[in-house]
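Tertiary structure, described
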Amino acid sequence: MLRGKPVIRRAAEALLPHVDVLLPVGDDPLLADSLEGLDVMPPVSGGAERHDSVRNGLEALAKLPEPPDLVLVHDGARPCVPAEVVQNVINALKTHEGVIPAVAVIDTIKKAKDGIIIDTVPRDGLWRAQTPQGFRFGTLLELHRTHRDARTDDAALLEQAGHPVAIVEGSEDNIKLTVAEDLMRLEGVIDRNLLPRVGLGYDVHAFEEGRKLILCGIEVPHTKGLAGHSDADVGIHTLCDAIYGALAEGDIGRHFPPSDNEWKDMDSARFLVHAGERIRERGGFLVNADVTLICERPKIGPHAEAMRNRLAELLKVSVSRISVKATTSERLGFTGREEGIAATATVSIMVPDTGEA
Ligand SMILES: Nc1ccn([C@@H]2O[C@H](COP(=O)(O)OP(=O)(O)OP(=O)(O)O)[C@@H](O)[C@H]2O)c(=O)n1
Ligand SMILES: C[C@](O)(CO)[C@H](O)COP(=O)(O)O
């Protein structure tokens, strides 16, 4: 997972805008789930080595009613490939039968044995290959069928068969998740492309005899519950509105219309889970949320920790990001007359910059 989203899903989302079909290859039992909702072909099994997996994918594409003319082979472990890198490869395929993105080597390269340098490799003309690597589909398929020996990338097949392979500009952001520190580097790439957004929610529900009082996802002992179409959890409703507001996606009523019988007496936890999913689906994450319940009674303080934990659980974030507090209105207004409970919430989220002004 990378900022709440599977690495492979991020890689697929990076490629999807540029391709006609996307075929995942791999044996991770979670692969299909990780790509749920994306317009991708059913995954095919990987092989013992990289080249076996690539060949499995190519053979599956060859069985399509209309096999592709061009193919991009991309590492699922490169989730942050910039769009311009993908486009660089596609553009160069108009004039080359093989293209790879790469970044020039700028460090001095040493060869070592048993921790001792045995050679300094001249770095002029050295490049660090990346993906997606692009090829004429028929050429790559034929070479994979006839050359089964292991290679660490697909371009090597064409090079060794004498086919020229072009290099186009890659990116230092196009990190391949290989070691633990790559995860922090990738989070840095994602965070650098995120912008902060804030949202505010406000909601009120009247007290009603004979109903349970559900607040911020937990039942609070009290003489009355709150009136409402769902379980009337005013704390969760205001938090949902704050999240939808931060995303500029309307409010809880737009997503779960009170006129829709499906939501009658619904556990409001369902609504907050959706709001949290929307943050992740937009490629972002929740920085923090602060909920304030406004009522004379019941006393919220004794339940605040349980509420924080429940909200954090539903939003799949650390409880340190969630605040729940309360205040009276000094006996003033409808809350002061104990006619109902009001609630406000503010959230801060980080989401990818859409580039819109
Ligand atoms: N339904 C409520 C209302 C208030 N409190 C707690 O009671 C304290 C006192 O609340 P209040 O009387 O509203 O005073 P404050 O708003 O905190 O402070 P002030 O009197 O300055 O407005 C608050 O800190 C809050 O933690 C609570 O647990 N449950
Ligand atoms: C294809 C590649 O990303 C080019 O740098 C690299 O060779 C993949 O290596 P891996 O061992 O399959 O991750």
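Residues numbered from 1 in each chain as written. Chains lettered and ligands numbered in written order. Predicted model: local features only at pLDDT ≥ 70, side-chain atom pairs only at ≥ 80, totals over all residues. Heavy atoms only, no water.

Looking now at the overall build of the protein. Within the protein one finds 12 helices and 14 strands. Within the protein, the fraction of its 357 residues that count as buried is 45%. The contacts of the protein with a sequence gap of at least 6 include a subset with a gap of at least 24, amounting to 68%. As displayed, the protein has an accessible area near 18,100 Å², and 53% of this comes from carbon and sulfur atoms. (Helix = DSSP H or I, 4+ residues; strand = E, 2+ residues; numbered from the N terminus. Buried < 20%, exposed > 50% of the residue type's maximum accessible area, 1.4 Å probe, protein only. Contact = heavy atoms within 4.5 Å. Areas by Shrake-Rupley, 256 points an atom, 1.4 Å probe, with all protein chains shown as cover.)

Here we come to the site of ligand 1. Taken together, Cys295, Glu296, Pro298, Lys299, Ile300, Gly301, Ala326, Thr327, Thr328 and Glu330 make up all the residues around ligand 1. Contacts to ligand 1 include Gly301, whose backbone N or O atom sits 2.8 Å from an oxygen atom. Relative to its free-state accessible area of 570 Å², ligand 1 is covered by the protein chains to the extent of 51%. Residue composition of the shell around ligand 1, grouped by class: 4 nonpolar, 3 polar and 3 charged. (Near = heavy atom within 4 Å. Polar contact = N/O pair within 3.5 Å; in protein donor to acceptor, adjacent residues only side chain to side chain. Nonpolar A, V, L, I, M, F, W, Y, C, P; charged D, E, K, R; others polar.)

The next subject is helix 4 (residues 83-92). Looking only at helix 4, the buried set comprises Val85, Val86, Val89, Ile90 and Ala92. Buried positions along helix 4 lie against helix 1 (7-15), strand 1 (70-73), strand 2 (98-104), strand 6 (133-136) and strand 7 (166-169).

Inspection of the region around ligand 2 gives Arg50, Asp75, Arg78, Ala129, Thr131, Thr152, Asp153 and Lys176 as its neighbouring residues. Arg78 has a polar side-chain atom sitting 2.8 Å from an oxygen atom of ligand 2. In isolation ligand 2 exposes 360 Å². Once the protein is present, 68% of that is buried. Broken down by class, the residue content of the shell around ligand 2 amounts to 1 nonpolar, 2 polar and 5 charged.

Residue placement: Asp241 occurs in helix 8 (residues 234-246). It is Arg254 that comes nearest to the buried, bridge-free Asp241 among opposite-charge side chains, at 9.5 Å. Those residues in contact with Asp241 that sit more than four places away from it in its chain are Leu200, Gly201, Tyr202, Asp251 and Ile252. (Lys, Arg positive; Asp, Glu negative; His and termini not counted. Salt bridge = Lys/Arg side-chain N within 4 Å of Asp/Glu carboxyl O.)

The next point concerns the UniProt feature "site: Transition state stabilizer" (unreviewed entry) in the protein. On the UniProt side, "site: Transition state stabilizer" (unreviewed entry) is annotated at positions that read His229 and Thr328 here. In this fold, His229 is placed in the loop between strand 11 (225-226) and helix 8. Each residue touching His229, except ones within four places of it in the same chain, is listed here: Pro258, Asp260, Asn261, Trp263, Lys264 and Asp265. Relative to the assigned elements, Thr328 resides in the loop between strand 13 (322-327) and helix 12 (333-336). Among the residues examined, Thr328 registers a relative accessible area of 27% and is labelled partly exposed. Non-local contacts of Thr328, meaning those with residues more than four positions away in its chain, are made with Cys295 and Glu296. Within the structure, the side chain of Thr328 is placed 3.2 Å from the backbone nitrogen of Glu330, a separation counted as a polar contact. (UniProt positions renumbered as here; feature names shortened; annotations may be inferred.)

A word on helix 7 (residues 180-192). Counted at 1.5 Å a residue, the expected span for helix 7 with its 13 residues is 18 Å, and the 19 Å between its end C-alpha atoms agrees. Every buried residue of helix 7 is accounted for by Asp182, Leu186, Val189 and Ile190. Taken down its axis, helix 7 places every buried residue within 95 degrees of arc, on the same side. Residues Ala180, Met184 and Arg192 are exposed on helix 7 and point more than 90 degrees away from its buried face. (Expected span 1.5 Å × (residues − 1). Arc of directions from axis to C-beta.)

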